[in-house]
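Tertiary structure, described
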Amino acid sequence: SAVISQKPSRDICQRGTSLTIQCQVDSQVTMMFWYRQQPGQSLTLIATANQGSEATYESGFVIDKFPISRPNLTFSTLTVSNMSPEDSSIYLCSAIGHYEQYFGPGTRLTVT
Amino acid sequence: GDSVTQMEGPVTLSEEAFLTINCTYTATGYPSLFWYVQYPGEGLQLLLKATKADDKGSNKGFEATYRKETTSFHLEKGSVQVSDSAVYFCALGITGGGNKLTFGTGTQLKVEL
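Residues numbered from 1 in each chain as written. Chains lettered and ligands numbered in written order. Predicted model: local features only at pLDDT ≥ 70, side-chain atom pairs only at ≥ 80, totals over all residues. Heavy atoms only, no water.

Structural notes on the interface of chain B and chain A
Between chain B and chain A, the contact holds 15 residues from the first and 18 residues from the second. At the boundary of chain B with chain A, total buried surface from both sides reaches about 1,200 Å², with 58% on carbon and sulfur atoms. Contact with chain A buries area across many residues of chain B, yet B:L44, B:K100 and B:F103 alone supply 35% of it, more than any other trio. The interface formed by chain B and chain A includes one salt bridge. With a closest N to O distance of 3.3 Å, B:K100 and A:E58 form a salt bridge. At the junction of chain B and chain A, the tally comes to three residue pairs in polar contact (both at pLDDT 80 or more). Breaking the side of chain B that touches chain A down by element, the ones donating at least two residues are β5 (31-38), β6 (44-50) and β11 (101-103) of chain B. The element contributing the most residues to the side of chain B that touches chain A is β6(B), with three residues. When its residues are assigned to classes, the side of chain B that touches chain A shows six nonpolar, six polar and three charged. (Contact = heavy atoms within 4.5 Å. Buried area = accessible area lost by both parts, 1.4 Å probe. Salt bridge = Lys/Arg side-chain N within 4 Å of Asp/Glu carboxyl O. Polar contact = N/O pair within 3.5 Å; in protein donor to acceptor, adjacent residues only side chain to side chain. Helix = DSSP H or I, 4+ residues; strand = E, 2+ residues; numbered from the N terminus. Nonpolar A, V, L, I, M, F, W, Y, C, P; charged D, E, K, R; others polar.)

Thoughts on the side chain of B:T65
All names here are of chain B. With respect to the helices and strands, T65 occurs in strand β8 (residues 62-65). Note on T65: relative accessible area 16%, which makes it buried. Apart from the residues lying within four places of it in its own chain, the contact partners of T65 are D54, D55, K56, S72, F73 and H74. (Buried < 20%, exposed > 50% of the residue type's maximum accessible area, 1.4 Å probe, protein only.)

Digging into the environment of B:K110
All names here are of chain B. As for its placement among the helices and strands, K110 is situated in strand β12 (residues 107-112). Judged by its relative accessible area of 38%, K110 falls in the partly exposed class. With 29 residues separating them along the chain, K110 and Q81 place their C-alpha atoms 9.4 Å apart. Excluding its chain neighbours within four sequence positions, the residues that come into contact with K110 are P10, V11, T12, L13 and S85.

Quick look at the packing of aromatic side chains
A full pass over the atoms with the stated rule returns eleven aromatic pairs over all chains. For the ring pair A:F103 and B:F103, a centre distance of 5.8 Å and an interplane angle of 80° mean the geometry is edge-to-face. Of this pair, A:F103 sits in strand β10 (residues 100-103) while B:F103 sits in strand β11, on two different chains. Pair check on accessibility: A:F103 and B:F103 agree, each one buried. Among the aromatic residues, those joined into a ring-pair cluster are A:F33, A:Y35, A:F103, B:F34, B:Y36, B:F89 and B:F103. (Phe/Tyr/Trp six-rings, centres within 6.5 Å; stacked < 30°, edge-to-face > 60°.)

Observations regarding the sheet that holds strand β8 (residues 75-80) of chain A
Residues and elements named next belong to chain A. Taken together, the four strands give an open sheet; going across it, the order is β1-β3-β8-β7, and neighbouring strands pair in antiparallel fashion. Every interior strand has two partners, whereas the edge strands, β1 (4-7) and β7 (68-72), have only one. Each neighbouring strand pair of the sheet contributes to a mean axis angle of 15°, computed without reference to strand direction. Direction of pairing for β1 relative to strand β3 (residues 19-25): antiparallel, over a ladder of four bridges. Its bridge partner lying in β3, K7 is registered against Q22. (Pairing = 2+ DSSP bridges. Axes fitted to C-alpha atoms, helices over the stretch in contact; angles between N-to-C directions.)

Some words on the pairing of strand β5 (residues 43-49) of chain A
Residue and element names in this part refer to chain A. Burial runs high along β5: six of the seven residues are buried. When strand β4 (residues 31-37) meets β5, the two strands line up antiparallel, connected through six bridges. Across the sheet, residue Y35 finds its bridge partner in β5, namely L45. The hairpin turn running from β4 into β5, its antiparallel successor, is five residues long, and G40 in that turn takes a positive phi close to 75°. Across two bridges, the pairing between β5 and strand β6 (residues 56-57) is antiparallel. Bridging across to β6, A47 finds its partner in Y57. Hairpin connection of β5 to β6: six residues between the antiparallel strands, including G52 at a positive phi of 80°.

Following this line, the structure appears as structure tokens:
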């Protein structure tokens, strides 16, 4: 199995600022993803983090707002830029490994 | 587009009660179906899956059968325990869809003594 850690686990940020969330996997994985879970809603895929190239964004999500990096096969970052209260969510990192999709514990973000 | 609908929670049961959490889906392709569980303070974990019609996924006493005719994948357990208290998510993934998952809204289960 793959174990995924995320940092920070939670944060409270002011509107207009940016926050970078780190995701570390304990083994090399083929694919990594970033999801968002807004209060009372289901998980929504933000983007696929591609190793060594630009991330692939889902409809409604753009690189300027959610820049993503994936410098190697075990690490990725998601930045939430120019935050507003509507960005208050749990952000989850996910990875495909050993034919199964694994999830990190999430980063709970509150924007005031 | 693809979507998953699951029953709203919270669901509160006494220990040893029978559990059913309903899940239905809409998909344009040939989906695989999953149940994930999220225990308090932890990440989502795969509970069980089924990859084609009539398949039954099972794990830790939980079962779900892929019903194509009713587009359903209901989660069941014959006798729940306090330790089963968690949030349960139904999800689908389309074969050839880049391993992306579409999730339901999650159902919180509380099991009391």
